[in-house]
Amino acid sequence: MTLLYWGAVLIVFIAALMLLLTNNWRNTLAYLGFLYLGVFGLTLIHWTLSMAAVKLVTGWMAATILGITRSALDPHLAAPQERSSLPEG
């Protein structure tokens, strides 16, 4: 049990530190996902598995929504992709 606790604390510490140091929004969302994974481990110690899983999935869904919103704001990412010369269908 203490190995799970210290592993989760280490994940939270590293993810929080990398959140402060990164400038790229994609990396920020990845570190946010790792942060919620660490919070899942810490929550699992005191709550049931289902409640901890709800916290993990909710955090990942929030990170996904932030990513979708951010990519929609960037005109380069929102532009339609060039079609390849390979046949489709």
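As a reminder, the structure under discussion sits directly above these lines.
Calculation criteria
Think of each chain on its own: its residues are numbered from 1, step by step along the sequence as written. In view of the model being predicted, local features appear only for residues whose pLDDT reaches at least 70, and side-chain atom pairs are presented and counted only at 80 or more, with totals across whole chains, interfaces and linings using the full set of residues. The basis for the side-chain values is all heavy atoms of the structure; hydrogens and waters are excluded. Put simply, buried Ala, Val, Leu, Ile, Met, Phe, Trp, Tyr and Cys residues joined by side-chain atoms within 4.5 Å make one nonpolar core. Remark: exposure states derive from per-residue accessible area (1.4 Å probe, protein chains only) relative to the maximum for the residue type, with buried under 20%, exposed over 50%, and partly exposed in between. By definition, any uninterrupted DSSP run of H or I lasting at least four residues is a helix, any uninterrupted run of E lasting at least two residues is a strand, and each is numbered from the N terminus. In a helix, the anticipated span is given by 1.5 Å times the number of residues less one. Two aromatic rings from Phe, Tyr or Trp, using only the six-membered ring of Trp, form a pair when their centres are within 6.5 Å; if the ring planes differ by under 30 degrees the pair is stacked, by over 60 it is edge-to-face, and anything between is tilted. Angles here are taken between N-to-C directions and fall from 0 to 180 degrees, while the axes themselves are lines fitted to C-alpha atoms, restricted in helices to the stretch in contact. Roughly parallel refers to an angle under 35 degrees, roughly antiparallel to one over 145, roughly perpendicular to one between 65 and 115, and oblique to any angle outside these ranges. Handedness of a helix crossing follows the sense of rotation of the near helix relative to the far helix, less than a right angle counterclockwise being left-handed and clockwise being right-handed. In this description, contact between two residues means that some pair of their heavy atoms is separated by no more than 4.5 Å. Polarity classes work like this: nonpolar for Ala, Val, Leu, Ile, Met, Phe, Trp, Tyr, Cys and Pro, charged for Asp, Glu, Lys and Arg, and polar for all others, with Gly in that last group.

A. Fine view of the nonpolar core. One finds Ala-15, Leu-29, Leu-32, Leu-35 and Ala-63 forming the largest nonpolar core, which totals five residues. Tallying contributions element by element places helix H2 (residues 25–46) first for this core, with three residues.

B. Structural context of helix H3 (residues 49–73). With 25 residues, H3 extends 36 Å from end C-alpha to end C-alpha; this agrees with the ideal 36 Å at 1.5 Å per step. Among the residues of H3, Ala-52, Leu-56, Gly-59, Ala-63 and Gly-67 are the ones counted as buried.

C. Quick peek at the packing of aromatic side chains. Taken as a whole and judged by the stated rule, the model has one aromatic pair. Where Tyr-5 meets Trp-6, the ring centres are 5.1 Å apart and the plane angle is 75°; that geometry is what we call edge-to-face. Overall, the relative accessible area of 35% leaves Tyr-5 in the partly exposed class.

D. Molecular detail of the packing of helix H1 (residues 2–21) against H2. Where H1 meets H2, the closest approach of the two axes is 8 Å, and the angle between their N-to-C directions is 155°. Between H1 and H2, the angle is such that the two are roughly antiparallel. Relative to H2, H1 is oriented so that their crossing is left-handed. Side by side, H1 and H2 meet where Leu-4, Tyr-5, Ala-8, Val-9, Ile-11, Val-12, Ala-15, Ala-16, Met-18 and Leu-19 of the first sit next to Thr-28, Tyr-31, Leu-32, Phe-34, Leu-35, Gly-38, Val-39, Gly-41, Leu-42, Leu-44 and Ile-45 of the second. Looking at side-chain class alone, the contact of H1 with H2 contains 18 nonpolar, three polar and no charged residues.

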